[in-house]
Amino acid sequence: MFVVVEMVDTVRIPPWNFHRQLNDAIAEELNKKLANKVVYNVGLCICLYDITKLEDSYIFPGDGASHTKVHFRYVVFHPFLDEILVGKIKYCSQEGVHVSLGFFDDILIPPESLQQPAKFDEAEQVWVWEYETDEGAHDLYMDQGEEIRFRVVDELFLDTSPTGPTTDPEAPANSRTGSAAPQPAAPAAADDSSNKKESPYTLMASISEPGLGLLSWWSN
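Given the structure is predicted, the values throughout are model-derived calculations rather than measurements.

## Details of the state of the cysteines
- Considering all chains together, one arrives at zero disulfides under this definition.
- No disulfide involves cysteine 45; its nearest neighbouring cysteine sulfur is the one of cysteine 47, lying 9.9 Å away.
- A relative accessible area of 1% places cysteine 45 in the buried class.

Okay, structure coming up:
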């Protein structure tokens, strides 16, 4: 679930931190920059593990801070595929069951990866496993807050770094006045979709095999 990743970065130490030990100041700056952040194709950064090498520090003209190239190792949350984890159901939706580990919430179990047959209860807003027995079907509800065991089957990284404004084609000038012709306003729905927050790191999971699902299902 957790791995130690080797990284290299140039760390800027402001002058008011020069009285501190260099290692302590660098460790604080690295944790400020990386802790609880997702690094693309690496995972969710948790905390600094250790510093392996410090290169020479430099002070550049016009900037009183020191700049040091640092080689270090960082603890990262990055489960391997097919790893079995235990979390809690955060909520259910038509998209599937959303699971949280407490420090990481972007885990989704899609409907096709649930124990089958499964149905979504619109009134209760929960997924239900229609468990077949000799006495007939029993509805097993996947309620919010229940502990659930799942298998990691896929991971999705999304580059959410800021991008510059989109360049629109230059508006045609009015032939008489030379001014640009007014353009129709963009639909509000397009703005809403572009402002929708997307997760930089999502895990896709499955419970469609014996032993997986709510812990209470298999406790006996």
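## Some details on the packing of aromatic side chains
- Counted according to the given criterion, the structure contains twelve aromatic pairs.
- Summarising the aromatic geometry, the rings of tyrosine 40 and phenylalanine 157 are spaced 6.1 Å apart at their centres and angled 70° between planes, so their arrangement reads as edge-to-face. Taken together, the residues tyrosine 40 in the loop between β2 (38-39) and β3 (43-59) and phenylalanine 157 in strand β11 (residues 147-157) connect sequence positions 117 residues apart.
- Accessibility expressed as a relative area gives 47% for tyrosine 40, which makes it partly exposed.
- Centre to centre, the rings of phenylalanine 157 and tyrosine 201 are 4.4 Å apart; their planes meet at 10°, and the pair counts as stacked. Residue phenylalanine 157 is located in strand β11, and its partner tyrosine 201 is located in strand β12 (residues 201-206); the two are separated by 44 residues in the primary sequence.
- Aromatic ring contacts, followed pair by pair, group Phe2, Tyr40, Phe77, Phe103, Phe104, Phe157 and Tyr201 into a single cluster.

Thresholds, definitions, all that
- Residues numbered from 1 in each chain as written.
- Predicted model: local features only at pLDDT ≥ 70, side-chain atom pairs only at ≥ 80, totals over all residues.
- Heavy atoms only, no water.
- Disulfide = S-S within 2.5 Å.
- Buried < 20%, exposed > 50% of the residue type's maximum accessible area, 1.4 Å probe, protein only.
- Phe/Tyr/Trp six-rings, centres within 6.5 Å; stacked < 30°, edge-to-face > 60°.
- Helix = DSSP H or I, 4+ residues; strand = E, 2+ residues; numbered from the N terminus.

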